[in-house]
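Below are the chains, spelled out letter by letter.
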Amino acid sequence: MHDTQLLATIAGGLTAAFIGGYVARRLGLPVIVGYLIAGMAIGPFTPGFVADQNVATQLAELGVILLMFGVGLHFSLADLWSVRAIAIPGAAGQIAIGTSLGTLLGLVLGWELTEALVLGLALSVASTVVLIRALTERRELETSQGRIALGWLIVQDLYTILILVMLPTAALMLGTRSDGSGVVDVAVVLGKAALLVVLMYVVGGRVFPRLLLSVAREGSRELFTLAVLAAAIGIAFVSYAVFGVSLALGAFLAGAVLAESDLSHQAASDALPLRDAFAVLFLVSVGMLVDPAFLVANPLHVAAVVVLIVCGNSLAAFGIVTVLGYPSRVAVTVGAGLAHVGEFTFIVAALGVQLGLLPAEGFQLVVAGAILSISLNPFAFRLADRIEPRVREVRLVKWLRIRGARDLTVLDPAPSRRGDRRHAIIAGFGRVGSLVAGALDRRGFGYVVIDLDRRLVERLRERGVSALYGDATNEELLEQAGIEHAAVLVLAMDDPAAAIVTLERARHANPRIEVVMRTHADRTAARLREEERVWSLTGERELGVQMARVTLRRFGISGAEVEAIAQGLRVGPAPSEPESGDRQRTRPPWNRLRAAGLRLRRRPGRLVAGAPTIEPQPEVPPASGGDPVLDTDA
């Protein structure tokens, strides 16, 4: 009978990972936790089925290659450059603090300096996957704090690449004789790595994108996918076999080179399923190395590692962001987002064990710290939301924020002192806020911008626009913007919770102010519908309404009837949000439209479903294409 170890390991690993991930998801935990625990369940330290550890390690290598290839494909120098003023010094400072704390912990545990240093290096980097998922669920991926956190992670990814290059070099230096030959060997290794980088960007940057385009023109999806995987795995293996660098570095360079191609998004899409599968097997293989008995026997050591990760890294990030003058909401979000370690920590720790630079005890502590910190990360975000209002009022935090922001939080003179009695305040100057500002400019109305993007505020001031840097929830900032005398407050920010808080504080300062705000959920719009002088617009719904208007006009429907239907669409719940928990009992859409049309005729000009009534347009022939399309994307 032929050997089935490979098949058994893949089948057992994927099955255990599915069960562990599903249970973790049902419990509200990140699925990575389930994958790691699944690895523990099929590892040699627990009873029952035991997967082949050697086979799992080789599968894990494929997982590392595809993970780093994906990082290279999505690597964006433009994203990093847009937040370079905070991401580069912030990540460097946080990494230095985290590494120092981890090294100190290793020395306290009685390890050698090199072993303690590797522990610190491993514990100083967070998980890109966990952070992106958390920001996406919180609708903060496109906010200022989300962009800063992602830029921070890009710096950490580059730092991880540097570690993966330097660890083998460090092991080589420590293992060589004192006759000077070690220096020569290290120079050879670094020279080969530099040569690889040059060849990949100078030669590979021209050859591989063209090759990928040539394959795409053949029209075969299978052949294109095969070319992508061959490039990722082949370049990684050649980098390791010929140039002596890590597989991870070769895979990252392959992804970064292919990212220059116009087909990079298709390449990422085709490699995604296989990457996810082998990344799961990589996490399972990490879990297989965990000995639960060791963790039970050393609870204080595990607790120390978790405290270092959750408190040390997050407080370091919070302090750095605050000192650089960013609002407390940004500092708290970035701090919570870095209160864990993830997949790159495992890669660094596994390489450290393989090179003899990290003891087995260190690997056990790293994995235990990762599992617990990832499990606690959702609670860290919830705690951050609760404590942020109190943190904002701490005297030291306020002083650091004002000191770091310099004069960007003050207008001289303020609108209330210069006679701007009918101006607007625009909170959030993304694509939505800038469109509103453009409309005000055309008619000569004054406005003040409040935004969390420091460089944007500086550019606006250079153009002569009244702009304030900071969080619009800050009452002092609203006062500087002239909230008491403003005619309209436009809440175009991406953060729904911050928009609600800003609305409440603006109304407290000026009960008569008109508010136009952007919402992300129909339920929020329904609550705001009861407020006086509040006009709330849901981006996706408004976009759908405008697309429906244009579609109906192409069928020759009259302008009045189209507008009645459009208002009906604004009144009723979206198809994905039924009126009750029972989807089978929701009213048919035509009933809602008919009822909405009657209400429109009875209450012209009133706010309906959070949007103003649009006057019927003159009829346009179906072929004229005269209907405007409202772009509400931010």
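Refer to the structure above for everything that follows.
In short, a report on the structure. Because the structure is a prediction, the values reported are computed rather than measured.

1. A short note on the overall build of the chain
Tallying secondary structure elements over the chain gives 27 helices and six strands in all. Within the chain, buried positions represent 50% of all 634 residues. Excluding contacts between residues fewer than 6 apart, the proportion of contacts in the chain whose partners are at least 24 apart in sequence is 74%. Approximately 30500 Å² of the chain is accessible, and the part contributed by carbon and sulfur atoms is 62%.

2. Considerations on the sheet that holds strand 2 (residues 447–451)
What the six strands build is an open sheet, ordered 3-2-1-4-5-6; its pairing is parallel. Looking at the sheet topology across the chains shown, the edges are occupied by strand 3 (467–469) and strand 6 (534–538). Adjacent strand axes in the sheet meet at a mean angle of 15 degrees, parallel and antiparallel pairs treated alike. In this sheet, strand 4 (residues 488–491) lies alongside strand 1 (residues 424–427) in parallel orientation, the contact comprising four bridges. Bridge pairing in strand 4 places Ala-427 opposite Leu-491.

3. Regarding a nonpolar patch on the surface
A contiguous nonpolar surface patch, about 640 Å² in accessible area, is contributed by Leu-195, Val-197, Val-198, Leu-199, Tyr-201, Val-202, Val-203 and Val-207. You can see Val-202 is positioned in helix 9 (residues 181–216). Residue Val-202 is classed as partly exposed on the basis of its relative accessible area, which comes to 46%.

4. Notes on the pairing of strand 4
Here strand 4 runs beside strand 5 (residues 514–519); their pairing, made up of four bridges, is parallel. Each bridged residue has a counterpart across the sheet, and for Leu-489 the counterpart in strand 5 is Val-515. Remark: the strand 4/helix 23 (residues 496–509)/strand 5 crossover connection has right-handed handedness.

5. A word on helix 5 (residues 84–108)
With 25 residues, helix 5 ought to run about 36 Å at 1.5 Å a step, and its terminal C-alpha atoms sit 35 Å apart, in line with that. Just past helix 5, the residue Gly-110 takes up positive phi, approximately 90 degrees.

6. Quick look at the pattern of salt bridges
A complete count under the given rule lists two salt bridges for this structure. For Arg-329, the salt bridge is made with Asp-471, and the minimal N-O distance between the two is 2.7 Å. Remark: Asp-471 occurs in the loop between strand 3 and helix 22 (475–480) and Arg-329 occurs in helix 15 (residues 328–337); sequence separation between them is 142 residues. Exposure remark for Arg-329: the relative accessible area of 11% places this residue in the buried category. Residue Asp-471 is classed as buried on the basis of its relative accessible area, which comes to 5%. A salt bridge links Arg-549 to Glu-563; the shortest N-O distance between them is 2.9 Å. With Arg-549 in helix 25 (residues 539–554) and Glu-563 in helix 26 (residues 559–571), the pair connects residues that are 14 residues apart, well separated along the chain.

7. Comments concerning the environment of Ser-264
Structurally, Ser-264 is set in helix 12 (residues 264–288). Assessed through its relative accessible area of 10%, Ser-264 is described here as buried. In this structure the C-alpha to C-alpha distance between Ser-264 and Val-228, which are 36 residues apart in sequence, comes to 9.6 Å. Excluding anything up to four places from it in sequence, Ser-264 contacts Leu-73, Leu-258 and Ala-259.

8. Concerning the side chain of Gln-364
Locating Gln-364 in the fold gives a position in helix 17 (residues 360–392). For Gln-364, a relative accessible area of 9% corresponds to the buried category. With residues near it in sequence (within four places) discarded, Gln-364 still touches Leu-289, Val-290, Asp-291, Phe-294 and Leu-295.

9. Side note on the pairing of strand 2
With five of its five residues buried, strand 2 lies for the most part within the structure. Of the two faces of strand 2, the one holding Tyr-447, Val-449 and Asp-451 and the one holding Val-448 and Ile-450 are both buried throughout. Relative to strand 2, strand 1 runs parallel, the two sharing four bridges. By the bridge assignment, Ile-426 is partnered in strand 2 with Val-449. The parallel pair strand 1 and strand 2 is bridged by helix 20 (residues 431–443), and the resulting crossover is right-handed. Read from strand 2 through helix 21 (residues 454–462) to strand 3, the crossover connection turns out right-handed.

10. Points about the packing of helix 5 against helix 14 (residues 299–323)
Running from N to C, helix 5 and helix 14 point in directions that differ by 150 degrees, and their axes come no closer than 9 Å. Accordingly, the angle class assigned to the pair helix 5 and helix 14 is roughly antiparallel. Crossing of helix 5 against helix 14: the hand is right-handed. Contacts from Ile-86, Gly-90, Gly-93, Gln-94, Ile-97, Gly-98, Leu-101, Gly-102 and Leu-105 of helix 5 reach helix 14 at Ala-304, Val-305, Leu-308, Gly-312, Asn-313, Ala-316, Ala-317, Ile-320 and Val-321.

11. Quick notes on the nonpolar core
Met-68, Phe-69, Phe-282 and Phe-346 are the most contacted members of the largest nonpolar core, which totals 103 residues. Once you skip the residues sitting within four places of it in the chain, Met-68 turns out to touch Ile-161, Ala-248, Ala-251, Phe-252, Phe-344 and Ile-347. Val-83, Ala-437, Leu-440 and Val-457 belong to the second largest nonpolar core, which has 48 residues in total.

12. Describing the environment of Glu-140
Looking at the secondary structure, you find Glu-140 in the loop between helix 7 (128–137) and helix 8 (144–175). Placed 355 residues apart in sequence, Glu-140 and Asp-495 show a C-alpha to C-alpha distance of 6.6 Å.

Calculation criteria
- Residues numbered from 1 in each chain as written.
- Predicted model: local features only at pLDDT ≥ 70, side-chain atom pairs only at ≥ 80, totals over all residues.
- Heavy atoms only, no water.
- Helix = DSSP H or I, 4+ residues; strand = E, 2+ residues; numbered from the N terminus.
- Buried < 20%, exposed > 50% of the residue type's maximum accessible area, 1.4 Å probe, protein only.
- Contact = heavy atoms within 4.5 Å.
- Areas by Shrake-Rupley, 256 points an atom, 1.4 Å probe, with all protein chains shown as cover.
- Pairing = 2+ DSSP bridges.
- Axes fitted to C-alpha atoms, helices over the stretch in contact; angles between N-to-C directions.
- Patch = residues over 30% accessible without salt bridge, like charges linked within 9 Å, V, L, I, M, F, W, Y side chains within 5 Å.
- Salt bridge = Lys/Arg side-chain N within 4 Å of Asp/Glu carboxyl O.
- Right-handed = clockwise from strand over helix to strand, strands pointing away.
- Expected span 1.5 Å × (residues − 1).
- Parallel < 35°, antiparallel > 145°, perpendicular 65-115°, else oblique.
- Left-handed = near helix turned anticlockwise from the far one by under 90°.
- Core = buried A, V, L, I, M, F, W, Y, C linked by side-chain atoms within 4.5 Å.

Geometric values such as these leave the question of function open.
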